[in-house]
Amino acid sequence: MIFLPNSLSIHKPSNLNRFTKITNSYLHFILPFIAIFTVNIHIMYKGFLHTHYLVVSLFLLLYVIKTVLLLSNKTDLLKTFSKKTKLFEIIISFLFLLTGIYLMTQIPYGGKYDYLLWIKLVMIFASIPIAVIGFRRSNKMLAALSLLMITGSFGLGEVYHKKKGIAKEMDTTTPLAANDGKALYEANCTLCHGADGKLGMSGAKDLTTSVMDLAAIKEIIIHGKGAMPAAQVNAEQATAIAAYVNDQIKGH
Ligand code: HEC
């Protein structure tokens, strides 16, 4: 009875020590990576985007092959193929969801085409059980339907990016938008600073508490600073953004 608390009191600190030691070395190992990742959030975003595309293409390819085999009654071949590609499919599916979820968290929401993304998401998550049931029961209708849904959601994503790309281009090239500081801010700055200036992604400063004057803000937009990249805008646009930040975000 007496030994129990004693042994506990001896073990507790050493266990705790070991725990802190392990977490400490773990943190020391992982923190530089986090730092690099957050600083290079743009590079990381691009990396995830490219991985996502690659993985989705492979996934679609796999799916098309499997569906064609099922539709053409090559059941044995389908079985062998499914078996051989099982691990590959698991890895691909995992990366598909992982990169997809990450990308979803990085999109500056609030555009008028957001609904396309939600339809896409619903279609992807609805197609998964349909595909599982379809292939398990060799139900051609369901298998084809799920392939259609996955291809469709891929197409929707493309439409979304195209529409947004066009919207963005219009913001930065038409003379009308050249002095629309708000639209330009939303297209170029919200990823890190947020619509209200407070987001602070990848070490971005809170713009509401900034003490920079108009000229200094324009300067940082054009040339960037530290982890903030120079914005891809012309001088006129930079002036419009700076005015918007100075009047509408700073001190608000
Ligand atoms: C990739 C992320 C990123 C984007 C995009 C970005 N910023 Fe920044 N911004 C930062 C970071 C990081 C800092 C801190 C820089 C430093 O001080 O080293 C910063 C600092 C600033 C500051 C200085 C605030 C202060 O008081 O020190 C201003 C102003 C600013 N950003 C405005 C903008 C505007 C306007 C845009 C859009 C044209 C924009 N930023 C786009 C990351 C970003």
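All values derive from a computational prediction rather than experimental measurement. Every residue gets a number counted from 1 within its own chain, in the order that chain's sequence is written. With pLDDT at 70 or above as the cut-off, local features in this predicted model cover only qualifying residues; side-chain atom pairs require 80 or more to be listed or tallied, and sums for whole chains, interfaces and linings still use all residues.

1. Focus: the site of the ligand
Right, so step 1: Here, nearness is defined through the C-beta atom: a residue counts as near a molecule or strand if that backbone-placed atom lies within 6 Å of it. Close contacts around the ligand come from 25 residues, with Cys-189, Cys-192, Ser-210, Gly-226 and Met-228 the closest.
Right, so step 2: Mapped by element, the contributors of at least two residues to the shell around the ligand are helix H2 (41-71), helix H9 (190-193), helix H10 (214-223) and helix H11 (235-249).
Right, so step 3: Amino acids are sorted into nonpolar (Ala, Val, Leu, Ile, Met, Phe, Trp, Tyr, Cys and Pro), charged (Asp, Glu, Lys and Arg) and polar (every other residue, Gly among them). In the shell around the ligand, the residues fall into 16 nonpolar, seven polar and two charged. Helix numbering and strand numbering both begin at the N terminus, where a helix is a DSSP run of H or I of at least 4 residues and a strand a DSSP run of E of at least 2.

2. So, the confidence of the model for the protein
Right, so step 1: Per residue, pLDDT captures the predictor's confidence, and it can take any value from 0 to 100. A residue-level look at the protein finds 75% of positions with pLDDT of 70 or above and a mean pLDDT of 81.
Right, so step 2: Element-level pLDDT for the protein is lowest in helix H7 (residues 175-178), with a mean of 53, against a maximum mean of 93 in H10.
Right, so step 3: Working definition of a contact: two residues with C-beta atoms, positioned from the backbone, lying within 7 Å. Note that pLDDT drops below 50 for residues 1-11; the model gives that stretch zero contacts with residues more than four away or on any other chain.
Right, so step 4: Segment residues 169-176: pLDDT under 50, and 10 contacts once partners within four positions in sequence are set aside and those in other chains are kept.

3. A closer look at the environment of Glu-158
Right, so step 1: Relative to the elements of secondary structure, Glu-158 occurs in helix H6 (residues 140-173).
Right, so step 2: Its 12 C-beta neighbours within 10 Å are what place Glu-158 among the exposed residues.
Right, so step 3: Expressed as a C-alpha distance, the spacing of Glu-158 and Leu-116, which sit 42 residues apart in the sequence, is 9.8 Å. Any residue surrounded by 20 or more other C-beta atoms within 10 Å of its C-beta is treated as buried, while 12 or fewer makes it exposed and the intermediate range makes it partly exposed; C-beta atoms here are placed from the backbone.

4. Describing the environment of Val-132
Right, so step 1: Among the secondary structure elements, Val-132 is positioned in helix H5 (residues 114-136).
Right, so step 2: Spatially, the C-alpha atoms of Val-132 and Ala-143 are 8.2 Å apart, while their sequence positions differ by 11 residues.

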